[in-house]
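Report on the structure
What follows is the residue order along each chain.
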Amino acid sequence: MVRRNGKSEFDSPELDAEHELPAAEDSRTLEDASAPSAPFQAARGGEFDKLKAERDAVLDRLARLQAEFENARKRSAREQQEFREYALADAVKELLPTLDSFERALQTSAGDKSDFRGGVELIYKQLQDALIKLGLRPIPAKGEPFDPHLHQAIEMVDTRETQDQHVLDELQRGYKLKDRLLRPSMVRVARNPKP
């Protein structure tokens, strides 16, 4: 095949007689041949209408699914926002009795120091119980082996009072909330001097 002026031409004028189509028996003109026959047009029109109806149904279903998905996404975002806003409601509700006890303790006269101390100890115990119900657990520290995942070493102290690399003093108690570390314990760690 040779290309000339954007058109292709065959080099060889030979025709393959085996693969040639027979001459048309119909004597219709070229315009008539390009137009489909009436029965074909009717069949094609019915099939076309059917396919158009299916397409419209699929597009409608797609639009509905997209709207449902968008509504579900918005509802989920709203629920997550509400959860974040009210997640502390249970925690605060558990602490309200402790707050009430503090208010009552502050309203009493400070005449007897031992009664005041007993009241504060009672409130402290009440607060501890409320936090334990919420899943708060203190991290044991004093005398325990130093664990960098649970303890924050503030100072290394040369001493023989405690075993090497064990917590000598707890400066601030650490806590876990259920299984998650909330705050590490601030500790001083013993270091046994070498003889």
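Here, the structure is the one placed above.
A brief structural summary. (Residues numbered from 1 in each chain as written. Predicted model: local features only at pLDDT ≥ 70, side-chain atom pairs only at ≥ 80, totals over all residues. Heavy atoms only, no water.)

1. Examining the packing of helix α3 (residues 89-107) against helix α4 (residues 113-133)
At a closest axis distance of 8 Å, the pairing of α3 and α4 adopts a crossing angle of 170 degrees. As the angle between them shows, α3 and α4 are arranged roughly antiparallel. Contacts from E94, L95, P97, T98, S101, F102 and A105 of α3 reach α4 at F116, I123, Q126, L127, A130, L131 and K133. Each residue belonging to the contact of α3 with α4 can be placed in one class, and the counts come to nine nonpolar, three polar and two charged. (Axes fitted to C-alpha atoms, helices over the stretch in contact; angles between N-to-C directions. Helix = DSSP H or I, 4+ residues; strand = E, 2+ residues; numbered from the N terminus. Parallel < 35°, antiparallel > 145°, perpendicular 65-115°, else oblique. Contact = heavy atoms within 4.5 Å. Nonpolar A, V, L, I, M, F, W, Y, C, P; charged D, E, K, R; others polar.)

2. A closer look at the sheet that holds strand β7 (residues 180-183)
If you trace the three strands from one edge of the open sheet to the other, you get β3-β6-β7, paired in antiparallel fashion. Where the open sheet ends on each side, the last strands, each with one partner, are β3 (136-138) and β7. Direction aside, the axes of adjacent strands within the sheet are offset by 35 degrees on average. Strand direction decides the pairing type here: β3 and strand β6 (residues 175-177), joined by three bridges, are antiparallel. By the bridge assignment for β6, L136 is matched with L177. (Pairing = 2+ DSSP bridges.)

3. What to know about the pattern of salt bridges
Applying the stated rule across the entire model yields eight salt bridges. A cluster of three or more residues bridged by salt bridges with shared partners is formed by E155, D169 and R188. (Salt bridge = Lys/Arg side-chain N within 4 Å of Asp/Glu carboxyl O.)

4. Here's the deal with the environment of T159
Turning to its location among the elements, T159 is positioned in the loop between β4 (151-158) and β5 (167-172). Separated by 30 residues in the primary sequence, T159 and V189 place their C-alpha atoms 9.5 Å from one another. In contact with T159, not counting residues within four places along its chain, are L168, A190, R191, N192 and P193. Within the local environment of T159, its side chain forms a polar contact with the backbone nitrogen of E161, the two atoms lying 3.1 Å apart. (Polar contact = N/O pair within 3.5 Å; in protein donor to acceptor, adjacent residues only side chain to side chain.)

5. With respect to unusual backbone geometry
Of note in the backbone geometry, Q165 takes a positive phi value of approximately 60 degrees without being a glycine. Along the polypeptide, Q165 turns up in the loop between β4 and β5. We classify Q165 as partly exposed; its relative accessible area is 35%. Although it is not a glycine, K178 adopts a positive phi angle of roughly 60 degrees. In this structure, K178 sits in the loop between β6 and β7. Exposure remark for K178: the relative accessible area of 59% places this residue in the exposed category. (Buried < 20%, exposed > 50% of the residue type's maximum accessible area, 1.4 Å probe, protein only.)

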